[in-house]
Amino acid sequence: QVQLVESGGGLVQAGGSLRLSCAASGSIFVGSTMAWYRQAPGKQRELVAAITRGGTTNYPDSVKGRFTISRHNAENTCYLQMNSLRPEDTAVYYCNAHSNWWHHWGQGTQVTVSS
């Protein structure tokens, strides 16, 4: 059974930094595109960052230059480094692993940025 377990969320002041981690169990990690999504109250879930098996990354303009996604295949772990955090970054952050054959979600971790 595949599990994605996020950690690293918390409360931080505006301008601060957090690093989220996503540990994957099972054998899917190396074959997956890994991604982070977030969902704020009353809003749709949105893509924050993605990294392919080959290391190509993708970010929306809202986080470009502030967030960095990385992956450590030997440890089955994906990271999201978040710098220069803003109150509008407050949301539950979800780890995602997907390919043409599977799609898995973590349980989410809360990130709260105070002004």
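Further up the page is the structure itself.
Residues numbered from 1 in each chain as written. Predicted model: local features only at pLDDT ≥ 70, side-chain atom pairs only at ≥ 80, totals over all residues. Heavy atoms only, no water.

Topic: the pairing of strand β9 (residues 91-98)
- The buried count for β9 comes to six of eight residues, which makes it a mostly enclosed element.
- For strand β4 (residues 33-39) and β9, the ladder comprises seven bridges, and the chain directions are antiparallel. In the sheet register, W36 faces β9, and the bridge partner there is C95.
- Taken together, the three bridges between β9 and strand β11 (residues 109-114) define a ladder with antiparallel strand orientation. If you follow A91 over to β11, its bridge partner there is V111. (Buried < 20%, exposed > 50% of the residue type's maximum accessible area, 1.4 Å probe, protein only. Helix = DSSP H or I, 4+ residues; strand = E, 2+ residues; numbered from the N terminus. Pairing = 2+ DSSP bridges.)

Points about the pattern of salt bridges
- Summed over all chains, the structure comprises four salt bridges.
- For D61, the salt bridge is made with K64, and the minimal N-O distance between the two is 3.4 Å.
- The closest approach of N and O atoms between D89 and R66, which form a salt bridge, is 2.8 Å. Here the residue D89 occupies a position in the loop between β8 (77-82) and β9, and R66 occupies one in the loop between β6 (57-58) and β7 (67-72), the gap between them amounting to 23 residues.
- Residue classification places R66 among the buried positions, given a relative accessible area of 8%.
- A cluster of three or more residues bridged by salt bridges with shared partners is formed by R38, E46, R66 and D89. (Salt bridge = Lys/Arg side-chain N within 4 Å of Asp/Glu carboxyl O.)

Any functional reading would require information that these geometric values do not contain.
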